[in-house]
Amino acid sequence: MAFDPEQLRAEFPILNTRLGGKALHYLDNAASAQIPVAVIDAVMRHETAARANVSRGVHSLAERATEAYEAARSIIARYLNAALPDEVVFTGGTTGAINLVAQGSASQLKPGDEIVISELEHHSNIVPWHMLRERIGVALRALPVTDEGRVDLAALDRTVTKRTRMIALAHVSNVTGAVLDVAPVVAAARASGAQVLLDGAQAVPHGPVDVRALGVDFYAFSGHKMFAPNGIGVLWGKREALARLAPAFGGGGMIREVALDQISYADPPRRFEAGTPPIAQAVGLGEAARWVAALEREAVAAHELRLTGRMLDGLADIRGVRVVGPQGLQARRGVVSFTLDGVHPHDLCQFVDDRFAVALRGGHHCAQPLMRRFGLAGTSRASLAPYNTDADVDALLQGVAEARRVLV
Amino acid sequence: MAFDPEQLRAEFPILNTRLGGKALHYLDNAASAQIPVAVIDAVMRHETAARANVSRGVHSLAERATEAYEAARSIIARYLNAALPDEVVFTGGTTGAINLVAQGSASQLKPGDEIVISELEHHSNIVPWHMLRERIGVALRALPVTDEGRVDLAALDRTVTKRTRMIALAHVSNVTGAVLDVAPVVAAARASGAQVLLDGAQAVPHGPVDVRALGVDFYAFSGHKMFAPNGIGVLWGKREALARLAPAFGGGGMIREVALDQISYADPPRRFEAGTPPIAQAVGLGEAARWVAALEREAVAAHELRLTGRMLDGLADIRGVRVVGPQGLQARRGVVSFTLDGVHPHDLCQFVDDRFAVALRGGHHCAQPLMRRFGLAGTSRASLAPYNTDADVDALLQGVAEARRVLV
Amino acid sequence: MSDELYQQAIVELARAAHGAGRLDNAKRRATVDNPLCGDRVTVEIILANDHVVNLRHTVKGCLLCKAAASILGLRAPGADSDALHANAAAVDAVLAGKPLPRNTWAEIASFQPVAQHKSRFDCVRLPFQAVRDALKE
Amino acid sequence: MSDELYQQAIVELARAAHGAGRLDNAKRRATVDNPLCGDRVTVEIILANDHVVNLRHTVKGCLLCKAAASILGLRAPGADSDALHANAAAVDAVLAGKPLPRNTWAEIASFQPVAQHKSRFDCVRLPFQAVRDALKE
Ligand SMILES: Cc1ncc(COP(=O)(O)O)c(C=O)c1O
Ligand SMILES: Cc1ncc(COP(=O)(O)O)c(C=O)c1O
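Note that this is a predicted model, so its numbers are computed, not measured. (Residues numbered from 1 in each chain as written. Chains lettered and ligands numbered in written order. Predicted model: local features only at pLDDT ≥ 70, side-chain atom pairs only at ≥ 80, totals over all residues. Heavy atoms only, no water.)

Engineer: What exactly am I supposed to notice about the state of the cysteines here?
Structural biologist: As used here, a disulfide is simply a covalent bond connecting the sulfur atoms of two cysteines. For the structure on display, the rule yields zero disulfides over all chains. Cys 62 of chain C provides the cysteine sulfur closest to Cys 349 of chain A, a residue in no disulfide bond, and the two sulfurs are 12 Å apart. In this structure Cys 349 of chain A comes out as buried when scored by relative accessible area, which is 0%. (Disulfide = S-S within 2.5 Å. Buried < 20%, exposed > 50% of the residue type's maximum accessible area, 1.4 Å probe, protein only.)

Engineer: Please explain the interface of chain B and chain A as it appears in this structure.
Structural biologist: The accessible area lost on association of the parts is a frequent measure of interface size. If you look at the interface, chain B gives 99 residues, while chain A gives 98 residues. For the pair chain B and chain A, the two sides together bury roughly 7,200 Å², of which 58% comes from carbon and sulfur. Of all residues in chain B, Arg 51, Phe 249 and Leu 260 of chain B give up the largest surface area on contact with chain A, accounting jointly for 11% of the area buried on that side. Scanning the region where chain B abuts chain A turns up two salt bridges. When the shortest N-O distance is used, the salt bridge between Arg 372 of chain A and Glu 257 of chain B registers 4.0 Å. Sort the elements by how many residues they give to the side of chain B that touches chain A and helix H5 (residues 127-136) of chain B lands first, with seven residues. Classifying every residue of the side of chain B that touches chain A gives 48 nonpolar, 34 polar and 17 charged. (Contact = heavy atoms within 4.5 Å. Buried area = accessible area lost by both parts, 1.4 Å probe. Salt bridge = Lys/Arg side-chain N within 4 Å of Asp/Glu carboxyl O. Helix = DSSP H or I, 4+ residues; strand = E, 2+ residues; numbered from the N terminus. Nonpolar A, V, L, I, M, F, W, Y, C, P; charged D, E, K, R; others polar.)

Engineer: So what exactly am I meant to see when it comes to the confidence of the model for chain C here?
Structural biologist: Detailed reading of the predicted coordinates is not advisable wherever pLDDT falls low. Residues of chain C with pLDDT of at least 70 account for 98%, and the chain-wide mean is 93. Scoring the predicted complex yields pTM 0.96 and, for the interface, ipTM 0.94. (pLDDT = per-residue confidence, 0-100.)

Engineer: Whenever I open this one, the arrangement of the chains confuses me. Can you help?
Structural biologist: Among the five pairs of chains that make contact, the interface with the largest number of contacts is formed by chains A and B. The closest approach of any C-alpha atom in chain C to one in chain D is 45 Å; the two make no contact.

Engineer: Would you mind going over the interface of chain C and chain A with me for this structure?
Structural biologist: Listed as interface residues are 17 residues of chain C and, on the opposing side, 16 residues of chain A. Here chain C packs against chain A, burying approximately 1,400 Å² in sum over the two surfaces, 46% of which is carbon and sulfur. Viewed at the interface, chain A and chain C are joined by one salt bridge. Between Asp 347 of chain A and Arg 120 of chain C there is a salt bridge, and its shortest N-O distance comes to 3.0 Å. In this structure, the connection of chain C to chain A is made through nine residue pairs in polar contact (both at pLDDT 80 or more). Listed by contribution, the elements that provide at least two residues to the side of chain C that touches chain A are helix H1 (8-16) and helix H2 (63-75) of chain C. (Polar contact = N/O pair within 3.5 Å; in protein donor to acceptor, adjacent residues only side chain to side chain.)

Engineer: Could you clarify how one ought to interpret the site of ligand 2 in this entry?
Structural biologist: The environment of ligand 2 is formed by 13 residues, the closest being Thr 95, Asp 199, Ser 222 and Lys 225 of chain A together with Thr 276 of chain B. Chains contributing residues near ligand 2 are chains A and B. The side chain of His 122 of chain A places a nitrogen or oxygen atom 3.0 Å from an oxygen atom of ligand 2. Asp 199 of chain A is positioned with one of its side-chain polar atoms (N or O) 2.5 Å from a nitrogen atom of ligand 2. For ligand 2, whose unbound accessible area comes to 390 Å², protein coverage reaches 95%. Looking at the shell around ligand 2 residue by residue, the class counts come to one nonpolar, 10 polar and two charged. (Near = heavy atom within 4 Å. Areas by Shrake-Rupley, 256 points an atom, 1.4 Å probe, with all protein chains shown as cover.)

Engineer: Looking at this structure, I do not really get the sheet that holds strand S13 (residues 321-324) of chain A. What am I missing?
Structural biologist: Paired through backbone hydrogen bonds, the strands of a sheet run either parallel or antiparallel to each other. All names here are of chain A. Strand order in the open sheet formed by four strands is S13-S14-S17-S16, with antiparallel pairing between adjacent strands. Single-partner strands in this sheet number two, and they are S13 and strand S16 (361-363). Ignoring strand direction, the axes of neighbouring strands in this sheet form an average angle of 30°. As judged from the three bridges shared by S16 and strand S17 (residues 379-383), these two strands associate in the antiparallel manner. When the bridges of S17 are listed, Arg 361 appears paired with Arg 381. The sheet contacts of helix H11 (residues 297-316) involve S13, strand S14 (335-340) and S17, and relative to S14 the element is tilted by about 10°. (Pairing = 2+ DSSP bridges. Axes fitted to C-alpha atoms, helices over the stretch in contact; angles between N-to-C directions.)

Engineer: Honestly, the nonpolar core in this entry has me stumped. Any pointers?
Structural biologist: As a rule of thumb, soluble globular proteins bury nonpolar side chains together. Of all hydrophobic cores here, the largest spans 164 residues; its most connected members are Leu 80 and Tyr 219 of chain A together with Leu 80 and Tyr 219 of chain B. Dropping the residues within four chain positions of it, Leu 80 of chain A is found in contact with Val 204, Val 209, Asp 210, Val 211, Arg 212, Tyr 219, Phe 221, Val 234 and Trp 236 of chain A. (Core = buried A, V, L, I, M, F, W, Y, C linked by side-chain atoms within 4.5 Å.)

Engineer: Looking at this model, I keep getting lost on the pattern of salt bridges. Mind explaining?
Structural biologist: Close approach of charged atoms allows side chains with opposite charge to pair. For the structure shown, the criterion picks out 64 salt bridges over all chains. The salt bridge involving Arg 150 of chain A is made with Glu 148 of chain A; its shortest N-O contact spans 3.4 Å. Residue classification places Glu 148 of chain A among the partly exposed residues on the basis of a relative accessible area of 34%. A salt bridge links Arg 75 of chain D to Glu 107 of chain D; the shortest N-O distance between them is 3.0 Å. Of the two residues, Arg 75 of chain D sits in helix H2 (residues 63-75) while Glu 107 of chain D sits in the loop between helix H3 (81-95) and helix H4 (121-136), which places them 32 residues apart along the sequence. Through salt bridges with shared partners, one network takes in Glu 70, Arg 73, Arg 270 and Glu 273 of chain A.

Engineer: What should I look at first to understand the relation of the copies chain B and chain A in this one?
Structural biologist: One copy of the chain maps onto the second through a rotation about an axis and a displacement along it. Superposing chain B onto chain A requires a rotation of 180° together with a translation of 0.0 Å along the rotation axis, leaving an RMSD of 0.0 Å. In the structure described here, the two chain copies are related by an operation that fits a two-fold rotation axis. By C-alpha distance to the rotation axis, the residue of chain B lying nearest is Gly 231 of chain B, at 3.1 Å. Counting the interface residues of chain B, we find that 99% of their copies in chain A are interface residues as well, pointing to one common contact surface. (Least-squares fit on C-alpha atoms with pLDDT ≥ 70 in both.)

Engineer: When you look at H4 of chain D in this model, what are you seeing that I'm missing?
Structural biologist: Given 3.6 residues per turn, any residue in an α-helix points the same way as the ones three and four places further on. All names here are of chain D. For H4, with 16 residues, the first-to-last C-alpha span of 22 Å sits near the 22 Å given by 1.5 Å per residue. The sharpest bend along H4 reaches about 35° and sits at Pro 127. Where H4 is concerned, the buried positions are Phe 121, Cys 123, Val 124, Leu 126, Pro 127, Phe 128, Ala 130, Val 131, Ala 134 and Leu 135. Looking at the packing, one finds that the buried side of H4 touches strand S1 (28-34), strand S2 (39-48), strand S3 (51-60), H2 and H3. (Expected span 1.5 Å × (residues − 1). Bend = angle between axes of the 7 residues up to and from the residue.)

Engineer: What am I meant to see in the pairing of strand S5 (residues 114-118) of chain A here?
Structural biologist: Successive side chains on a regular strand alternate, one facing one side of the sheet and the next facing the other. Residue and element names in this part refer to chain A. Counting buried residues in S5 gives five out of five residues, a clear majority hidden from the surface. A two-sided burial pattern is seen for S5, the buried positions comprising Glu 114, Val 116 and Ser 118 on one face and Ile 115 and Ile 117 on the other. Assessed by its sense of winding, the connection that carries the chain from S5 through helix H5 (residues 127-136) to strand S6 (residues 139-143) is right-handed. Looking at chain direction, S5 and strand S7 (residues 164-170) are connected through three bridges and run parallel. (Right-handed = clockwise from strand over helix to strand, strands pointing away.)

Engineer: Can you walk me through the environment of Leu 95 of chain C in this structure?
Structural biologist: Residue and element names in this part refer to chain C. Relative to the elements of secondary structure, Leu 95 occurs in helix H3 (residues 81-95). On a C-alpha basis, the gap between Leu 95 and Leu 55 in space is 24 Å, while along the polypeptide they are 40 residues apart. When sequence neighbours within four positions are dropped, the list of residues in contact with Leu 95 reads Phe 111, Val 114, Ala 115, Phe 121, Val 124 and Arg 125.

In structure tokens, the structure reads:
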């Protein structure tokens, strides 16, 4: 296997941080991944050689900025295998992207129309639909979750109806790591005339996604989880789907013509990009997409799967640990949630950070309905990136074992 | 005068860019100002030493990130003389901030309620209110603009009524540079029970603003115009004003509790910060605010005013040039819009860029109603920052004179 | 970074869970939530002549929160309301990195390392906040 | 960067404004907007036997746009619709940085420096787009 995580680590200065004299073991990648030098440099280069506002500007810096911004759009279009760059809308993140769809659909929806989500969704794929419920009176229906922490697709039949207008699901769960089987969802949607939105926040960091092969209508993700800067994300939408969407926010750049008594809007994607967009961040996202796409995908996947297995095996050996999510390696990513009997997740995470410099996330992971489904207040979560190593996993396991000794 | 713009220029690498062999004269600061090394470094330091998702995280990097993010909030609160850091909401920019107020007020408004703006507003302070008009049926009333390019406050009396709920005006015009006289606006609002929102995009780059002394309810601005990164902005709101506002976007971080059938929201400012915020950008904005606040404000203002006078005098000497905006230096900033008879603004801007490396902006400046007011399709606009020099102004004047010779 | 955040004293206090339980006949009672982590503390107090006759707590929360509640269970009985307020203030002082004020409960000093961890302040404060709220009743 | 964007030839063409004006009796007519800058071109054409008898334009736009329209005013009369399409395609080619295709109007080559300035492509294209639209009528 040519892929060498150690070599990759050299590209991430922060991974060489020492916390209280200990080497950092960063296992909070599902919250935010770290950023490689190539991406930092691309952002810096932009800020120091091409910084200007985009669109409309005819001076040289403005032309450079506009070209860089639109080039990033094209890179993302290729990353997603979109039909057109103009199907790519830059947003502030996954949350912003899903809200654009929810709010933008408001005028097409009527009371009684149904939105289908699942019990394992991130709050960012629940609250926007809830707001539509409050505003329009649509109904929110949730697919249940299996004991393994997967969306229960057996329930599709009875959950998706002729009144379903949208099925919005996580492509990969940020709590259980389960990968959604998209095909039956798309089939159910087609049968009922609904659209499908995938929350790809936890999927895109693992490599290019083919939105056309998936057959969905919308795809949302964040930059900061895929090695790009904060404050940038993407809504991809099929051309026809975007064309039907009303803008959620108004302002400069998204209009065709403004009079005080009448206003018309630009075509997508600009219609959805009100105000000065996060230009340098988009440039950084483009570079990050290029960076991810250049990794040896199979080798990275194998590496992460091996580490996931090591984690699952190691955790199984510690008394009192329970994994919330698939116990095996089928159709899952390297996101492992677990509980330790008698220990609050915040204590566990703080403890392994203090003593072993292991960075985990603890709590409800913005998935309270899922926590309720499992009768938990929260979990501890370790999540992998290509730069993680056996040493990271071993530090985690040692930390959890020690936490059990000290805290229980 | 101790202030030396040449010394300042050393802090902005991009100002040493050469375009086609010519030194860059960057006079497009009202669109986006450039970013000093101190701010770039602060962002880099954050990304390479404290990058993590904020809130809820208990590991060391997450604590650092959260502290840095909240420290930025405190810096901005001081910059605005806000009563509390929690009155500061981070947004994607001015546009995002104004939309938060407009959308968040929807549930408090009823058909026939009135919003007062002016004819000189940026589209970002028109379209969000127009969207409320479409959604709720509120009426939009516009204060007229004087021949000098100022909001005509003599019309306040007849425009602000008992039905006015909001008066939303630019603190400084991005086209004419006119500074709003805020006191009579606030007085009119108080008399009618309306709230006041100021669009401060063109005001905050000139130094700290005292929102309490101004007596307004909301204040909006963007980072990229005040020497900070893209993709970050601020909505300041009085505590009581924010408390009444509903969230526009839903997602992680802005909730109190989420169940599938019921959702409650967090208190401000978090209620308005759905999803992972632009963390590193907020850190950069904090540093930029510190940077601006450390300038010798009086000296910088005098410098910019002198350059503005030089520009106005020089332009007056070129046949066919007309300045759109105040002809004098009273109550105005260094934003100078002008037309050259017989020359399209895009041609003028392109020409001075090509031949003299002078970066201007040409067009409607996202202020089409104002263009219509003056019977123009667009203007050319030069806008100053503290790092601009006599050489920049002279290059502009030479360029415009030459454009007249070649293009007319 | 502090190796001593989970020092022996705190772990023992949490394990001991002094005063854990309900007081069905208490007149003073308050429940406080930490919306950030979903933790919840209920404190019930019986006062006589402004002195604590009994104090019980139920904690759904972390070890720091349990330890703080346990200190209350151990020390509150016999204290007057001024002392309760003084000790709540002592918690704030210690979290702000200041030394433990005189004449307050020595166990509160165990929280000194938490001063480095802003995100955990509320964990320690929650039971004391519940006491403050209960006294306001 | 091109010093020659506003070269003499383009400026002269724009000044000459060949074919500027209205053709009230034209059957083929199209108006095209550039929403980005608010520019607007109307082209009116009288065809006979698929050949241009007359072409007039009204341009609210920049110098590049006026120069492009002026080329049409100068050259279109006598051309057939295939030639109009070929010359519209020639504009696209030149903007894409390619050499001027054979058998197209030499004046179009003046736009070669615009290839460096994506933001101005539509300025040049607008009149030719109007011709395309008018022919579709
Ligand atoms: C006065 C004014 N308001 C609003 C805006 C919009 O700011 P942004 O595009 O950063 O949201 C601008 C700048 O474009 C402006 O100058
Ligand atoms: C599955 C999933 N959806 C949505 C989000 C929200 O992303 P963001 O906070 O970047 O908007 C996240 C991450 O927090 C996530 O993991």
